Amino acid sequence: MDAKDQNFLKVIQGPEAEASGCSEKSTCGSSAGPADMDPEVWNKVKNHPCYSEEAHHFYARMHVAVAPACNIQCNYCNRKYDCSNESRPGVVSERLSPELAAKKVLAVASEIHQMTVVGIAGAGDSLANPDKTFKTFELISKVAPDIKLCLSTNGLALPEMVDRIADYNVDHVTVTINMVDPEVGERIYPWIYYNKKRWKGRDAAKILSERQLLGLERLTARKILVKVNSVMIPGVNDLHLKAVNREVKKRGAFLHNIMPLISEPEHGTYYGLTGQRGPTAEELKHLQDSCEGEMNMMRHCRQCRADAVGLLGEDRSAEFTNEKIEAIEITDVAYDMTAREAYRDKVEETREKERKIKEMLAGLGMENGLSQAPPILVAVATQGEGMVNQHFGHAREFQVYEVTAAEAKFIGHRRVDLYCEGGYGEDDSLTRITQALSDCVAVMVAKVGGCPKKTLEEAGIAAVDAYAFQSIKPSLLKYFGEYTEGVRSGRITPKAAGGQTKIRSGALTGTGQIPLSVIG
Amino acid sequence: MAYTIVLDNCTGCSACEPECPNAAISGTDDGLFQIDPDLCTECVGFFDEAQCTAVCPIDDTCIPDRACVEDRETLMAKKVKLHGG
Ligand code: SF4
Ligand code: SF4
Ligand code: SF4
């Protein structure tokens, strides 16, 4: 490492968390910041962990599941159980009354100062339960006026709810739109309940689509931010999602989040039972890339559960169960606005620093004629703060970056089972990791054991611990140079494209207890 | 015939409760839902389809109760009795 780089690393190491790697273009969500975004929009999203990739390292969100009923049926949903596609808990999970939900928000916000957003996304559809949803918002805005409110909906009931949404000052709405063509829709939605009737087939899909787009138009007309979620279902709507992307952009959605279908027979969903597969990581990335030119895409979404608490990818909901919340007296909770503001000030400072670092990074690694070398994918084990700081065996998910000489671009998370946890037998879970990372040439870790290292290498994935506890992005850029040199000298054989990388359920819903330590 | 909810299937999602024109549906102690046969008119007098069946996400959960058969006139009379003309 030369002196210049030494200096450089000194600047970026330390407690400053680094945004997990976006190019200067608006490639992932709103991470690129004010330069390429309407200032009014940026202002609204900059502290929103789900919308701003940068913010999702600093701020936390919380979902309260006050809305158990739904008015449609999706083929990827079995409402008896947790749904990993719409990130909602099953109706059999903990259910909250609006009063209990408000209490829970207060308790969490007092404990976790990063908590800036409360959302309602289930267990059913927030707008199929309007009274519960809006009562919850009303109670929260009374006790905690600094908290942003958001909701997710399938859109069927949306058009008539827009005024109420505006009244409660809800500024973020997520609409799940999987199609704009009833012929596609009839393969996703078996029925809807609308105007006191059950509709089926193409009629159902036609009504749903019209209502979704009308709702979207009305929201954007009221300057309410709208993110569109789409579930990518290979062979059903994968090609069609480009058309969806165009239509929702035209109507003013500011972000489009394409999520992989998560479908296993044991979920008991129609798709799970009929063997409909989800996309591979390569297919997902390809689609996201092809939509990217047209609109902000969101790649850091991890499909958190509707009752999740914490930073994205981190779920602390086990600390705040109904039982524990019920035991809290509202008067016991000191809602400390000053502490919360102080936290926000500190974060703003850090983020300012980061933006400067990003500028400095832009040119690094351009020497040595590396700029012509093809991009590689590298996985990183991190506990957050923008550092390579997690033991391979402790990683429950990896961040994946696409690296060229000029930039290290964050493209998504890959979930794996905890390798150290065993359970299924260690070999088995290691196989699962090599599958999940099969398109990566390397995985950067703080530390890795000899055995897994060998297995990874056999799978064509170098386990790299030389960058332990250093900042992710500059490490990746340096590694790119190393790798390219290795290929040129014949020391490294470049990987053939596989196209079979398996995506595991994005929601951290493992059986039993929920880990507290995973921070993106 | 009044409708009934098969408790083994019901998830307690509550979707049916607000849709009933007769307020015949109420929660049970363990978080599921039930229909009061004295109040259920099979939606006769209001809608063509039984609303609870139309909205329920689980097949074969809100179903006609064979133990409680009534003809259309009886149901209509029940509706008139409950709501007037
Ligand atoms: S809208 Fe959500 S809750 Fe309703 S069926 Fe679809 S995935 Fe399930
Ligand atoms: S059939 Fe109609 S009246 Fe009877 S319980 Fe169902 S919704 Fe109510
Ligand atoms: S709609 Fe069906 S599943 Fe939901 S509470 Fe009513 S009977 Fe139970």
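In this text, all values refer to a predicted model and were calculated from it rather than measured experimentally.

Analysis parameters
Residues numbered from 1 in each chain as written. Chains lettered and ligands numbered in written order. Predicted model: local features only at pLDDT ≥ 70, side-chain atom pairs only at ≥ 80, totals over all residues. Heavy atoms only, no water. Pairing = 2+ DSSP bridges. Helix = DSSP H or I, 4+ residues; strand = E, 2+ residues; numbered from the N terminus. Contact = heavy atoms within 4.5 Å. Axes fitted to C-alpha atoms, helices over the stretch in contact; angles between N-to-C directions. Core = buried A, V, L, I, M, F, W, Y, C linked by side-chain atoms within 4.5 Å. Buried < 20%, exposed > 50% of the residue type's maximum accessible area, 1.4 Å probe, protein only. Buried area = accessible area lost by both parts, 1.4 Å probe. Salt bridge = Lys/Arg side-chain N within 4 Å of Asp/Glu carboxyl O. Polar contact = N/O pair within 3.5 Å; in protein donor to acceptor, adjacent residues only side chain to side chain. Nonpolar A, V, L, I, M, F, W, Y, C, P; charged D, E, K, R; others polar. pLDDT = per-residue confidence, 0-100. Near = heavy atom within 4 Å.

Caption draft 1: Inspection of the sheet that holds strand β6 (residues 191–194) of chain A at higher detail. Residues and elements named next belong to chain A. Taken together, the 3 strands give an open sheet; going across it, the order is β2-β6-β7, and neighbouring strands pair in antiparallel fashion. Two strands bound the open sheet, and with one partner strand each, they are β2 (72–73) and β7 (197–200). The sheet contact formed by β6 and β7 spans 4 bridges and is antiparallel. For Y194, the partnering residue across the bridge sits in β7 and is K197. Strand contacts of helix α7 (residues 201–221): β2, β6 and β7, with the helix running at about 105 degrees to β7, the strand carrying the most contacts.

Caption draft 2: Structural context of the nonpolar core. Counting residues in hydrophobic clusters, the biggest one holds 48 residues, and the most contacted among them are V64, M115 and I165 of chain A. Residue contributions to this core peak at 6 residues, all from helix α3 (residues 98–111) of chain A. By size, the runner-up hydrophobic cluster in this structure holds 24 residues, among which are Y193 of chain A together with Y3, C10 and C56 of chain B.

Caption draft 3: Layout of unusual backbone geometry. Its identity is not glycine, yet N169 of chain A carries a phi of approximately 65 degrees, on the positive side. Looking at the secondary structure, you find N169 of chain A in the loop between α5 (162–167) and β5 (172–176). At A23 of chain B, a residue that is not glycine, the phi angle is positive and equals roughly 50 degrees. Considering the arrangement of structural elements, one finds A23 of chain B in the loop between β1 (3–5) and β2 (25–27). We classify A23 of chain B as exposed; its relative accessible area is 58%.

Caption draft 4: Representation of the interface of chain A and chain B in the model. Contacts between the two partners involve 15 residues from chain A, matched on the other side by 17 residues from chain B. Overall, the association of chain A and chain B removes approximately 1,300 Å² of surface from exposure, summing both partners, and the carbon and sulfur fraction of that is 48%. Looking only at chain A, the three residues that lose the most surface to chain B are Y193, K196 and R198 of chain A, adding up to 42% of its buried area. Put simply, E19 of chain B and K196 of chain A hold a salt bridge, and the shortest N to O gap is 2.9 Å. If you look at where chain A meets chain B, you find 10 residue pairs in polar contact (both at pLDDT 80 or more). Elements that contribute at least two residues to the side of chain A that touches chain B include exactly β6 and β7 of chain A. Broken down by class, the residue content of the side of chain A that touches chain B amounts to 6 nonpolar, 2 polar and 7 charged.

Caption draft 5: Molecular detail of the sheet that holds strand β14 (residues 442–444) of chain A. All names here are of chain A. Across the sheet, which stays open at both edges, the 5 strands sit in the order β13-β12-β11-β14-β15 with mixed pairing between neighbours. Strand pairing shows two members of the sheet lacking a second neighbour, β13 (408–415) and β15 (462–464), which therefore form its edges. The average undirected angle you get between the axes of adjacent strands in this sheet is 25 degrees. The sheet contact formed by strand β11 (residues 376–380) and β14 spans 3 bridges and is parallel. Of the residues in β14, the one forming a bridge with A379 is V443. Along the sheet face, helix α15 (residues 472–488) touches β11, β12 (397–403), β13, β14 and β15 and points at about 135 degrees away from the line of β11.

Caption draft 6: Quick peek at the environment of K242 of chain A. Residues and elements named next belong to chain A. Relative to the helices and strands, K242 is located in helix α8 (residues 241–250). Put simply, K242 and M179 are 63 residues apart on the chain and 9.7 Å apart in space, counted from C-alpha to C-alpha. For K242, the contacting residues outside a window of four places in its chain are L287, S290 and C291.

Caption draft 7: Focus on the confidence of the model for chain A. All names here are of chain A. Confidence in the prediction for chain A averages 75 pLDDT; 66% of positions are at 70 or higher. Here residues 419–426 scores under 50 on pLDDT; set against residues more than four positions off or in separate chains, the count is 14 contacts. Segment residues 505–520: pLDDT under 50, and 43 contacts once partners within four positions in sequence are set aside and those in other chains are kept.

Caption draft 8: Representation of the site of ligand 2. Contacts to ligand 2 come from 13 residues, most closely from C20, N22, C40, C43 and C52 of chain B. Each residue belonging to the shell around ligand 2 can be placed in one class, and the counts come to 9 nonpolar, 3 polar and 1 charged.

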